[in-house]
Amino acid sequence: MNWLLEHGLTLLGEHISFAELLGQIGAVAVVFLAQRRTLWTWPVQIAAAILLFSVYTSAHLGGLALRQVIVFAISLYGWWAWTRRRDAEYGVLVRRSTRPELGALAAALVLGTIGMALLLQATNGSWAPWPDAAIFIGTAVAYAAQGLRLVEFWLVWLLVDAIGVPLQIASGLYFSASVYIVFTVLVIKGWRDWNRSAKVAAASLAKAPVSNAGV
């Protein structure tokens, strides 16, 4: 791993380690795979999390580094959960969040960010504890919602991207910042695709009792 951190290439005058390059390429690939609701989403995410953990640790961004540990753990859960919710016609079945679920997601984002930021401040774990904490908690919430197949996980990602771009630039991780911008475009498309799939699946389930009644 040290070799991947110490060696790399130069793009637009900026040095990019192979660990950062491969990790962010893997992260972009995950967005494409998630849009298509394929199980390959999770093993690719696990590999990217391992690489980016080393990148953010070396950049003294404790929240972003710890975020990769959470991503790794949730990816194992997501991989398992998606194998149990597959459909021959629609692939992995996705759905819209209920109001209580939306409330739980919002509470987790707000309370989690406050708690994580205070922890990072107390331990000197990050030079930018509040945005670092928001990205960390947002990522954890987004992946948890993704594992639960909730369409709104894409909206949480939009929030993470909005905070992540300026933080990556301020940290000198310009390639990662550009990747976050690409993420924003892909996330919007992913939201539209999952929302459409959720409507189709819901309509199919709504028709099922009527069909059965007619038999």
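Reference entry: report on the structure contained in this document. (Residues numbered from 1 in each chain as written. Predicted model: local features only at pLDDT ≥ 70, side-chain atom pairs only at ≥ 80, totals over all residues. Heavy atoms only, no water.)

**Considering the overall build of the protein**
Part 1 of the argument: Broken down by element type, the protein carries eight helices and four strands.
Part 2 of the argument: Looking at the 215 residues of the protein, the share that counts as buried comes to 46%.
Part 3 of the argument: Partitioning the intrachain contacts of the protein with sequence separation of at least 6 by distance along the chain shows that 67% fall at a separation of at least 24.
Part 4 of the argument: When the accessible surface of the protein is split by element, carbon and sulfur atoms take 69% of a total near 10,800 Å². (Helix = DSSP H or I, 4+ residues; strand = E, 2+ residues; numbered from the N terminus. Buried < 20%, exposed > 50% of the residue type's maximum accessible area, 1.4 Å probe, protein only. Contact = heavy atoms within 4.5 Å. Areas by Shrake-Rupley, 256 points an atom, 1.4 Å probe, with all protein chains shown as cover.)

**Observations concerning helix H6 (residues 129-147)**
An α-helix turns once every 3.6 residues. As a result, residues three or four positions apart point the same way.
Part 1 of the argument: For H6, with 19 residues, the first-to-last C-alpha span of 27 Å sits near the 27 Å given by 1.5 Å per residue.
Part 2 of the argument: Taken across its 19 residues, H6 has 16 buried, putting it largely inside the fold.
Part 3 of the argument: One or two residues past the end of H6 sits Arg-149, with phi positive at roughly 70 degrees. (Expected span 1.5 Å × (residues − 1).)

**Regarding the packing of helix H2 (residues 18-35) against helix H3 (residues 41-58)**
Part 1 of the argument: Where H2 meets H3, the axes come as close as 8 Å, and the angle between the chain directions of the two elements is 150 degrees. By the angle between their directions, the pair H2 and H3 is classed as roughly antiparallel. Between H2 and H3 lies a crossing of left-handed hand. The segment H2 lies against H3, with Ala-19, Glu-20, Leu-22, Gly-23, Gln-24, Gly-26, Ala-27, Ala-29, Val-30, Leu-33 and Ala-34 engaging Thr-41, Val-44, Gln-45, Ala-48, Leu-51, Leu-52, Ser-54, Val-55 and Tyr-56.
Part 2 of the argument: Residues of the contact of H2 with H3, tallied by class, amount to 13 nonpolar, six polar and one charged. (Axes fitted to C-alpha atoms, helices over the stretch in contact; angles between N-to-C directions. Parallel < 35°, antiparallel > 145°, perpendicular 65-115°, else oblique. Left-handed = near helix turned anticlockwise from the far one by under 90°. Nonpolar A, V, L, I, M, F, W, Y, C, P; charged D, E, K, R; others polar.)

Note that every value here comes from positions in space, so none of it alone points to a role or purpose.
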